[in-house]
Amino acid sequence: MERVVIRTDYIKLDSLLKFAGLAETGGEAKERIQAGEVKLNGEVCTMRGKKCVPGDLVELDGRLVKIAEGQ
């Protein structure tokens, strides 16, 4: 499991995919989310603007990323 630290209250799902290196571009992130390829906390999420908070788990292509809170 990988860990991504955010310094804000939340990060939008499409931005998280880019930030974590799960998608190379925003367009790719959008397409993969809308295609139902991304899981948020174990459930498929098709809302690219979904707010992800520390503690959430995001999965794509077998890679699991946990959002952590930073100072």
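Preceding this section is the structure that the text describes.
Here is a short report on the structure shown in this document. (Residues numbered from 1 in each chain as written. Predicted model: local features only at pLDDT ≥ 70, side-chain atom pairs only at ≥ 80, totals over all residues. Heavy atoms only, no water.)

Quick notes on the pattern of salt bridges
So, point 1. Under the defined criterion, the tally for this structure stands at 4 salt bridges.
So, point 2. Here Glu2 ties to Arg63 by a salt bridge, and the two come within 2.8 Å at their closest N and O atoms. A residue pair is termed long-range when its members are at least 10 positions apart, and Glu2 in strand S1 (residues 2-6) and Arg63 in strand S7 (residues 63-69) qualify at 61 residues.
So, point 3. Glu2 sits in the partly exposed class, given a relative accessible area of 32%. (Salt bridge = Lys/Arg side-chain N within 4 Å of Asp/Glu carboxyl O. Helix = DSSP H or I, 4+ residues; strand = E, 2+ residues; numbered from the N terminus. Buried < 20%, exposed > 50% of the residue type's maximum accessible area, 1.4 Å probe, protein only.)

Section: the nonpolar core
So, point 1. Ranked by internal contacts, the top residues of the largest apolar core, which has 19 residues, are Leu13, Leu16, Leu17, Val38, Cys52 and Val58.
So, point 2. Taken together, the elements giving at least two residues each to this core come down to S1, helix H1 (13-19), helix H2 (26-34), strand S6 (57-60) and S7.
So, point 3. Ranked by residue count, the leading element in this core is H1, at 3 residues.
So, point 4. Those residues in contact with Val58 that lie beyond four places of it in its chain are Leu13, Leu16, Leu17, Val38, Lys39, Leu40, Arg63, Leu64 and Val65. (Core = buried A, V, L, I, M, F, W, Y, C linked by side-chain atoms within 4.5 Å. Contact = heavy atoms within 4.5 Å.)

Some thoughts on the environment of Val65
So, point 1. Note on placement: Val65 falls in strand S7.
So, point 2. As for Val65 and Leu22, which are separated by 43 residues in sequence, their C-alpha atoms are 9.2 Å apart.
So, point 3. Setting aside anything within four residues of it in sequence, one finds Val65 in contact with Glu2, Val4, Ala20, Leu22, Asp56, Leu57 and Val58.

Shape descriptors only; they carry no functional weight alone.
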